[in-house]
Amino acid sequence: MAENGNGEFSFTKSSAGGAKGRNGLAKIQTHEKKGNGVCHDDSTPPVKAQTIDELHSLQKKKSAPTTPIKGTQGGFSAVSEEERQKQQLQSISASLASLTRETGPKVVKGDPAKKSETPKVAHVAHHHFTPTLSNSDSALKFTHILYNLSPAELYEQAIKYEHGSFITSSGALATLSGAKTGRAPRDKRVVKDETTENELWWGKGSPNIEMDEHTFLVNRERAVDYLNSLDKVFVNDQFLNWDPENRIKVRIVSARAYHSLFMHNMCIRPTAEELENFGTPDFTIYNAGQFPCNRYTHYMTSSTSIDLNLARREMVILGTQYAGEMKKGLFGVMHYLMPKRQILSLHSGCNMGKDGDVALFFGLSGTGKTTLSTDHNRYLIGDDEHCWSENGVSNIEGGCYAKCIDLSREKEPDIWNAIKFGTVLENVVFDEHTREVDYSDRSVTENTRAAYPIEYIPNAKIPCVGPHPKNVILLACDAFGVLPPVSKLSLAQTMYHFISGYTALVAGTEDGIKEPQATFSACFGAAFIMLHPAKYAAMLAAKMQKHGATGWLVNTGWSGGRYGTGSRIKLAYTRKIIDAIHSGSLLNATYKKTEVFGLEIPTEVEGVPSEILDPMNAWADKKAYKETLLKLGGLFKNNFEVFTNYKIGKDNKLTEEILAAGPIF
């Protein structure tokens, strides 16, 4: 065969004079391709690049801001892109400025590692800002700013430069937070000045430990100097609060890609237009957690310090790399700023039914707050931090920070499926070969966590806002077994139990017998509140009264006896109770009052055995029930003593009503 159909090559016939290849096979002969032949080999002209660096530059398309800006002629800003970049860098330089120098550091955008090894043919402009030089070594170097990087870019930074960062089999980024795997509340300080001395809650029971302005500035200088000594820092400009009228602009300056990605997920991510108009932040975090504070500095009790200065609107982190400090630090800031606008800040979960009925869920760890607020028949507004304003409720955050210990697809499918590309996994253990995470492994810490954007939850309501709540649900895991599975609360009772923030944990004793331990956390989040708990309680009661919301106390703990003798209330029963609250049917039930706590309990709830609704009926030993009930009542009274001297309003009437709503012996 001299030529094939395409005219490209042929096999010669095997003959005496014919050409043969090895082993007697016909030799392949190539022929010149016909001019009108069809090309099938995907050949193309050579790329328009003269160096490898230029080829790599063609791979990435430059993002250019093209979004319209409000209030400008023609819909677009008259400010040039170069001027906008300059203004942005000036703002960042000002954030990083030492208070002892006239100007901030020289800053330039971009990764210092991405330097061309060969000369570029085309000139590329680099945006940088150079303030007036001051006489110091730091003035001679540039600080590279990695500004609002995408998750993909932050993955690259983390894996390349941060030891302990890996991509797991699900696509999430596994990281380590260093020696600290949880918050350090004893190392948190708040500047006490003329304003905060009178506004904040200080003294016994308060989470606010004071420091003076001078000490804060010493720690700020230490953090800023450390950040400026680095070749590069990460800067995130983002928002808090989905209510557009009351959102807060925050800037986070950090040294780790892990921290930048964590806050990218946890704060509200700005659109391109919002980022162009961001301007000066309302609050700034300086996260220099890899660098310790000076133990000889006044007020320091360890090498860790988390410092809030509400007058300067700044937060400094030294000596801890645990990312949750940033999230909860900002929550504390919202607990201060929002009440000034008559907006109630809440440590709660929040969901909304298809008819627009909103419910708030309060509860400490282990009470089922996350499980019960995540309902496939309802929209999730948020899982942890919210505001209640005249506009309704709004989520403070743009993401979720879920516990991962013993996580399974069967128990928590939404959280399991949210752990994918873009999610940060903190301190988890995984197989070194397959990179599959073992969520039951506690080798690093019990406090393993996942941080992911809220839109990773399928039924999340975006934007995360809703109308005024109809129901306020206070959850308690009562291991003493004397609180009813559900009770309807008066406003005064809601305030009392909200201020108390009760649950009971099961803790091991020396002889191995496990006993319930009462835990109280004011407003179900004492570690984060800034004002006296009664102020938040009064705001809650006023909003509930104005908008007709009902308070409920739901026990997700034990029934028929304390831990060890009774049994845990089935989750299915608790879900039936929550469903009855959402539907409104529980409002129409018949109620009776309990002893000591004076709680209104329904005589029947559809799908729940009537005998467990009254806790006394569920106990076989009535005497033991009364003794345990009185013991818990005493614990409530002892805890509340710290709040009894606080007066709400001009008279003491409301305070007396709240006290009367507690247990009566």
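First, a word on what this report is: a plain description of the structure on this page.

Details of the overall build of the chain
- The number of helices and strands found in the chain is 16 helices and 35 strands.
- In the chain, which comprises 665 residues, the share counted as buried stands at 51%.
- Pairs at least 24 apart in sequence give 71% of the contacts found in the chain among residues at least 6 apart.
- Accessible surface for the chain amounts to roughly 31,900 Å². Of this, 52% is attributable to carbon and sulfur atoms.

Quick word on unusual backbone geometry
- The peptide bond linking Ile462 to Pro463 adopts the cis configuration, its omega dihedral lying at -5 degrees.
- The phi torsion at Gln342 lies on the positive side, around 65 degrees, for a residue other than glycine.
- Topologically, Gln342 is positioned in the loop between helix H8 (324-340) and strand S15 (344-347).
- Under the relative-accessibility criterion, Gln342 is labelled exposed at 55%.

A look at the pairing of strand S13 (residues 305-309)
- Most of S13 sits out of view: 5 of its 5 residues are buried.
- Neither face of S13 is left uncovered, since the one carrying Ser305, Asp307 and Asn309 and the one carrying Ile306 and Leu308 both have all their residues buried.
- With 5 bridges joining them, S13 and strand S14 (residues 314-318) adopt antiparallel strand pairing. What sits directly across from Asp307, in S14, is Val316.
- Between S13 and S14, which pair antiparallel in sequence order, lie 4 residues; one of them, Arg313, sits at a positive phi of approximately 55 degrees.

Concerning the packing of aromatic side chains
- One pass over the full model with this rule turns up 20 aromatic pairs.
- Here the aromatic rings of Trp558 and Tyr563 are separated by 5.2 Å at their centres, their planes lie at 75 degrees, and the arrangement is edge-to-face.
- Overall, the relative accessible area of 28% leaves Tyr563 in the partly exposed class.
- Members of the aromatic cluster, each reached through a chain of ring pairs, are Trp201, Tyr496, Tyr502, Phe520, Phe597, Phe636, Phe640 and Phe643.
- Above the face of the Phe528 ring, Lys328 is positioned so that its terminal group lies 4.4 Å from the ring centre.

Some thoughts on helix H3 (residues 151-161)
- Listed in full, the buried residues belonging to H3 are Leu154, Tyr155, Gln157 and Ala158. All buried residues of H3 project into a common sector of 165 degrees when viewed along the axis, lining one side.
- Contacts from the buried residues of H3 go to strand S5 (142-147), strand S6 (166-167), strand S7 (173-175), strand S10 (232-240) and helix H6 (257-266).

Quick notes on the sheet that holds strand S19 (residues 385-389)
- Pairing in this open sheet of 4 strands is antiparallel, and the strands run S15-S19-S20-S26 from one edge to the other. Single-partner strands in this sheet number two, and they are S15 and strand S26 (465-466).
- Bridge count between S19 and strand S20 (residues 392-395): 4 bridges; the pairing is antiparallel. Within S20, the position partnered with Cys387 by the bridge is Ser394.
- Together, S15 and S19 form the strand contacts of H8, whose direction differs from that of S15 by roughly 150 degrees.

Looking at the pattern of salt bridges
- Going through the model one piece at a time under the given rule, you end up with 21 salt bridges.
- With a shortest N-O distance of 2.8 Å, Arg312 and Glu314 are connected by a salt bridge.
- A relative accessible area of 30% means that Arg312 is categorised as partly exposed.
- Asp357 is the salt-bridge partner of Arg378, the closest N and O atoms lying 2.8 Å from each other. Taken together, the positions of Arg378 in the loop between helix H9 (369-373) and strand S18 (379-382) and Asp357 in the loop between strand S16 (349-352) and strand S17 (358-362) put the pair 21 residues apart, joining distant regions of the chain. Asp357 shares its class with Arg378; the two are buried.
- Bridged by salt links that share partners, the residues Lys327, Lys328, Lys369, Asp384, Glu385 and Glu397 form one connected network.

As for the nonpolar core
- Trp388, Ile419, Leu425 and Phe498 are the most contacted members of the largest nonpolar core, which has 128 residues in total.
- In contact with Trp388, other than residues within four places in its own chain, are Ile343, Leu344, Leu346, Leu360, Val393, His468, Pro469, Leu540, Lys543, Met544, His547 and Ala549.
- The next biggest cluster of nonpolar side chains, apart from the first, holds 25 residues, and it includes Leu89, Tyr147, Leu230 and Cys293.

Some details on the packing of H3 against H6
- Put simply, H3 and H6 touch, their axes get as near as 9 Å, and they point 155 degrees apart. In terms of their interaxial angle, H3 and H6 are classed as roughly antiparallel. Between H3 and H6 the crossing geometry is left-handed. Packed against H3, whose contacting residues are Pro151, Leu154, Tyr155, Gln157 and Ala158, the element H6 presents Ala257, Ser260, Leu261 and His264 at the interface.

Points about the pairing of strand S11 (residues 248-254)
- Across the 7 residues that make up S11, a large majority, 6, are buried.
- Bridge count between S10 and S11: 7 bridges; the pairing is antiparallel. Residue Asn236 lies in a different strand from S11, and its bridge partner there is Ile252.
- The sheet contact formed by S11 and strand S12 (residues 283-288) spans 5 bridges and is parallel. Across the sheet, the residue bridging to Arg251 is Thr284, located in S12.

Considering the sheet that holds S6
- Ordered by their spatial adjacency, 5 strands build an open sheet running S6-S7-S22-S25-S21, and the pairing between neighbours is mixed. The open sheet has two edge strands with one neighbour each: S6 and strand S21 (399-403).
- Of the strand pairs in this sheet, S6 and S7 are connected by 2 bridges, and their pairing is antiparallel. Residue Phe166 lies in a different strand from S7, and its bridge partner there is Ala174.
- Across the sheet, H6 touches S7, S21, strand S22 (424-426) and strand S25 (449-453), and the angle it forms with S22 is around 120 degrees.

Topic: helix H11 (residues 491-500)
- Here H11 lies mainly inside the structure; 9 of its 10 residues are buried.
- Every buried residue of H11 is listed here: Ala492, Gln493, Thr494, Met495, Tyr496, His497, Phe498, Ile499 and Ser500.
- Residue Gly501 follows H11 closely and has a positive phi angle near 55 degrees.

Conventions and cut-offs
- Residues numbered from 1 in each chain as written.
- Predicted model: local features only at pLDDT ≥ 70, side-chain atom pairs only at ≥ 80, totals over all residues.
- Heavy atoms only, no water.
- Helix = DSSP H or I, 4+ residues; strand = E, 2+ residues; numbered from the N terminus.
- Buried < 20%, exposed > 50% of the residue type's maximum accessible area, 1.4 Å probe, protein only.
- Contact = heavy atoms within 4.5 Å.
- Areas by Shrake-Rupley, 256 points an atom, 1.4 Å probe, with all protein chains shown as cover.
- Pairing = 2+ DSSP bridges.
- Phe/Tyr/Trp six-rings, centres within 6.5 Å; stacked < 30°, edge-to-face > 60°.
- Lys NZ or Arg CZ within 6 Å of the ring centre and 35° of its normal.
- Arc of directions from axis to C-beta.
- Axes fitted to C-alpha atoms, helices over the stretch in contact; angles between N-to-C directions.
- Salt bridge = Lys/Arg side-chain N within 4 Å of Asp/Glu carboxyl O.
- Core = buried A, V, L, I, M, F, W, Y, C linked by side-chain atoms within 4.5 Å.
- Parallel < 35°, antiparallel > 145°, perpendicular 65-115°, else oblique.
- Left-handed = near helix turned anticlockwise from the far one by under 90°.

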